Amino acid sequence: MAKGLHFVFCVITTTLLLRESSQAGAARKDDAVSKGSGSRGPEEGLPTLTVTTILEDPYVMLRGAELEGYCMDLLKALAAMLHFSYRVKVVGDGQYGAVSSSGNWTGMIGEILRQEADIAVAPLTVTSAREEVVSFTTPFLQTGIGILLRKDTISQEMSFFHFLAPFSKETWTGLLFAYVLTCFCLFLVARLSPCEWNEPKNEENHFTFLNSLWFGAGALALQGVTPRPKALSVRVIAAVWWLFTIALLAAYIANFTALLSSGSEQLPVQTFEDLVKQRKLEFGTLEGSSTFYYFKNSKNPIHQMIYEYMDKRRDHVLVKTYQEAVQRVMDSNYAFIGESISQDLAAARHCNLIRAPEVIGARGFGIATAQASRWTKQLSVAVLKLRESGDLDYLRNKWWESSCLHKSRERWSPLQPQALGGLFLTLAIGLALGVLAAVAELSNKSRRAAGHAKKSCCSVFTEEMCTRLRIKENARQSQETSGRANA
């Protein structure tokens, strides 16, 4: 009998142990599923927060049964620093948070007010209206309002004189002045230099002003033309002008190539004023978003025109989700007005999209908490520590990595005279050296002639200078003298 009772007791004990083991295994399995869905399971002694968020790439994304993205990595870092566990839930109505027609708040803001969530970790813009009902931490991302376009949405019309675009008007004016001045220096030096023109009364000077202009134009076209210089002074000016033209043509070709290659990014819609003036593109924003109310409350006339346009066509131009907006920009003639940082992501993921240069309404994304919550201060300090340590920059680079070819972000602009200042200075120095060399050559000849003629060097130099600069008058006088002699 005792053996029978002992056997029954052993069976009952074994059954109870197996049941407890099965329950513990099921609990561990449920905890693993909870963690896999983007939550951190409750730990002994740690508070558990209910976190509401919204699905938006790359902040929160669903990969299988798990949530990942910028906000999820940020939430993990904050939980590790502040020692709390959390449970993540996606907002039920898919809204960020706005006042409905009934006066109640929707979206993540509404869930915090109804105490359905403790905090909201999402791309939630800090606005005055939201700040009145909830509290926000220090922004973890800075952003603004921009315009997302498709690169080939509007083809920029080429002007008839588009080939003049690489240089600014001031540069072309400076180039024309340099050309005329150089040709005049060639004409002058060729007359002054005795090595180029030894006998003014008996020889013809091939470097007339028209020939000098032709010589300079030939150098611009990289073509050798006559007359060919013989004197050192003339060759100095010619060599400096050749170097000037080579560098100038290289700068022109490089800037013209950059202009043609960047033509797809030189969209006519650069600002919000450009967007309002054009008629080929429809534009809109997220329905009920802070961007929509920004234009509604703005006193700027351009912003008011944008709001009136969107409000009159509310059913047609306003979109429900960010993904819908990006797809509409890619598929139709539509410009999306929204958060610039999200538009940068779209341009990084889709190489045929681009954000217009102008960004207005600087703002930030913050973590929303209930008013008077003890977590607001702690989360703000933790966000500042992550920013100071560079962790926020690391997350930004991680989730905004571009799959497109990296191109210069700088906008193309015509070449200004300041960029070619050294080139013009070199030309000026070369012209001055050429003129001085010609004067030195003429002085040397005058000194030798003065020694033979027993005259003053200055008088001979002056006579030689006048003869070379007034050759036409002298020739006319010689012709008149010869005519009277024949008569």
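Residues numbered from 1 in each chain as written. Predicted model: local features only at pLDDT ≥ 70, side-chain atom pairs only at ≥ 80, totals over all residues. Heavy atoms only, no water.

A.B. asks: In this structure, what is going on with the pairing of strand 9 (residues 334–339)? I would like to understand it.
C.D. replies: Each regular strand shows side chains that alternate between the opposite faces of the sheet. Counting buried positions along strand 9 yields 6 of 6 residues, so the element is predominantly enclosed. One ladder, built from 4 bridges, connects strand 7 (residues 141–150) with strand 9; its direction is antiparallel. Bridge pairing links Ile-147 to Ile-337 in strand 9. When strand 8 (residues 282–284) meets strand 9, the two strands line up parallel, connected through 3 bridges. Bridge pairing links Gly-284 to Phe-336 in strand 9. (Buried < 20%, exposed > 50% of the residue type's maximum accessible area, 1.4 Å probe, protein only. Helix = DSSP H or I, 4+ residues; strand = E, 2+ residues; numbered from the N terminus. Pairing = 2+ DSSP bridges.)

A.B. asks: What's the story with the packing of aromatic side chains in this structure? I'm lost.
C.D. replies: Aromatic ring pairs are reported here in terms of the distance separating the ring centres and the angle at which the planes meet. Under the defined criterion, the tally for this structure stands at 23 aromatic pairs. Consider the rings of Tyr-70 and Trp-400, whose centres lie 5.6 Å apart with planes at 85°: the pair is edge-to-face. Taken together, the residues Tyr-70 in helix 2 (residues 70–82) and Trp-400 in the loop between helix 15 (391–399) and helix 16 (421–453) connect sequence positions 330 residues apart. On the basis of relative accessibility, which here comes to 0%, the residue Tyr-70 falls in the buried class. Judged by relative accessible area, which is 7%, Trp-400 ranks as buried. Seen in terms of ring centroids, Phe-84 and Trp-375 are 5.3 Å apart; in terms of plane orientation they differ by 70°. Their pairing is edge-to-face. Residue Phe-84 is located in the loop between helix 2 and strand 4 (85–90), and its partner Trp-375 is located in helix 14 (residues 375–388); the two are separated by 291 residues in the primary sequence. For Phe-84, a relative accessible area of 0% gives the class buried. (Phe/Tyr/Trp six-rings, centres within 6.5 Å; stacked < 30°, edge-to-face > 60°.)

A.B. asks: Quick question: what am I supposed to make of empty space enclosed by the protein here?
C.D. replies: Once rolled over the atoms, a probe with the size of a water molecule shows which space is left empty. Under the defined criterion, the tally for this structure stands at 1 cavity of 30 Å³ or more. Computed from the structure, the largest cavity encloses a volume of approximately 180 Å³. Among the elements of the structure, helix 9 (290–297) and strand 9 are those that each provide at least two residues to the lining of the largest cavity. No other element matches strand 9, which puts 4 residues into the lining of the largest cavity. (1 Å grid on protein atoms, 1.4 Å probe; cavity = no way out; pocket = protein on both sides within 12 Å on 5 of 7 lines; lining within 4 Å. Points joined across faces, edges and corners; volume = space filled by probe spheres on them.)

A.B. asks: Before we go on, may I ask you to explain the pattern of salt bridges in this structure?
C.D. replies: In this structure the tally under the stated criterion is 11 salt bridges. Lys-89 is the salt-bridge partner of Glu-111, the closest N and O atoms lying 3.0 Å from each other. Of this pair, Glu-111 sits in helix 3 (residues 107–113) while Lys-89 sits in strand 4, and the two are 22 residues apart along the sequence. Note on Glu-111: relative accessible area 4%, which makes it buried. Here Arg-355 makes a salt bridge to Asp-344, at a shortest N to O gap of 2.7 Å. You can see Arg-355 sitting in strand 10 (residues 353–355) and its partner Asp-344 sitting in helix 13 (residues 340–349), a full 11 residues away along the chain. (Salt bridge = Lys/Arg side-chain N within 4 Å of Asp/Glu carboxyl O.)

A.B. asks: Explain helix 10 (residues 301–312) to me, please; I cannot follow it from the model alone.
C.D. replies: One turn of the α-helix equals 3.6 residues, which is why residues spaced by three or four share an orientation. With 12 residues, helix 10 extends 16 Å from end C-alpha to end C-alpha; this agrees with the ideal 16 Å at 1.5 Å per step. Buried within helix 10 are the following residues: His-303, Ile-306, Tyr-307, Tyr-309 and Met-310. One side of helix 10 holds all its buried residues, which, seen down the axis, span an arc of 160°. Of the residues in helix 10, the exposed ones pointing more than 90 degrees away from the buried face are Pro-301 and Lys-312. Elements in contact with the buried residues of helix 10: helix 8 (272–277), strand 8, helix 9, helix 11 (314–317), strand 9 and strand 11 (360–365). (Expected span 1.5 Å × (residues − 1). Arc of directions from axis to C-beta. Contact = heavy atoms within 4.5 Å.)

A.B. asks: Sorry if this is basic, but what is going on with the layout of surface pockets here?
C.D. replies: In this structure, the second largest pocket encloses a volume near 330 Å³. Looking at the second largest pocket, it is lined by 18 residues, and the ones nearest its centre are Thr-127, Ala-129, Ser-290, Tyr-293 and Asn-297. When residues of the lining of the second largest pocket are traced back to their parent elements, those giving at least two are helix 4 (128–131), helix 9 and strand 11. Tallying contributions element by element places helix 9 first for the lining of the second largest pocket, with 4 residues. Taken together, the residues of the lining of the second largest pocket sort by class into 8 nonpolar, 8 polar and 2 charged. (Nonpolar A, V, L, I, M, F, W, Y, C, P; charged D, E, K, R; others polar.)

A.B. asks: How do you make sense of helix 2 when you look at a structure like this?
C.D. replies: For helix 2, built from 13 residues, the straight-helix expectation of 18 Å at 1.5 Å per residue is met to within 8% by its first-to-last C-alpha distance of 18 Å. Listing the buried residues of helix 2 in full gives Tyr-70, Cys-71, Met-72, Asp-73, Leu-74, Leu-75, Leu-78, Ala-79 and Leu-82. With its phi angle positive at about 60°, His-83 sits one or two positions after the end of helix 2.

A.B. asks: Would you mind going over unusual backbone geometry with me for this structure?
C.D. replies: With the exception of glycine, most residues fall at negative phi, and the peptide bonds are largely trans. Going from Asp-57 to Pro-58, the amide bond is cis rather than trans, its omega being 5°. Locating Pro-58 in the fold gives a position in the loop between strand 1 (48–53) and strand 2 (61–63). Phi at Gln-115 is positive, roughly 60°, even though this residue is not glycine. With respect to the helices and strands, Gln-115 occurs in the loop between helix 3 and strand 5 (119–120). The backbone of Ala-372 shows a phi angle near 65°, a positive value even though the residue is not glycine. You can see Ala-372 is positioned in the loop between strand 12 (368–369) and helix 14. Overall, Ala-372 belongs to the exposed group, its relative accessible area being 82%.

A.B. asks: Teacher, can you tell me more about the nonpolar core here?
C.D. replies: For soluble globular proteins, nonpolar side chains are generally found buried alongside one another. Core analysis: the biggest nonpolar cluster contains 46 residues, and Phe-295, Met-310 and Phe-336 have the highest contact counts within it. If you list the elements that add at least two residues to this core, you get helix 3, strand 7, helix 8, helix 9, helix 10, helix 12 (322–331), strand 9 and strand 10. Core analysis: the second largest hydrophobic core is formed by 34 residues, Tyr-59, Leu-78, Leu-345 and Ala-382 among them. (Core = buried A, V, L, I, M, F, W, Y, C linked by side-chain atoms within 4.5 Å.)

A.B. asks: Honestly, a nonpolar patch on the surface in this entry has me stumped. Any pointers?
C.D. replies: Together, Leu-176, Phe-177, Val-180, Leu-181, Phe-184 and Phe-209 make up a nonpolar patch on the protein surface, roughly 560 Å² of accessible area in all. Within the secondary structure, Val-180 sits in helix 5 (residues 169–192). (Patch = residues over 30% accessible without salt bridge, like charges linked within 9 Å, V, L, I, M, F, W, Y side chains within 5 Å. Areas by Shrake-Rupley, 256 points an atom, 1.4 Å probe, with all protein chains shown as cover.)

Function cannot be inferred from these measures alone, as they are strictly geometric.
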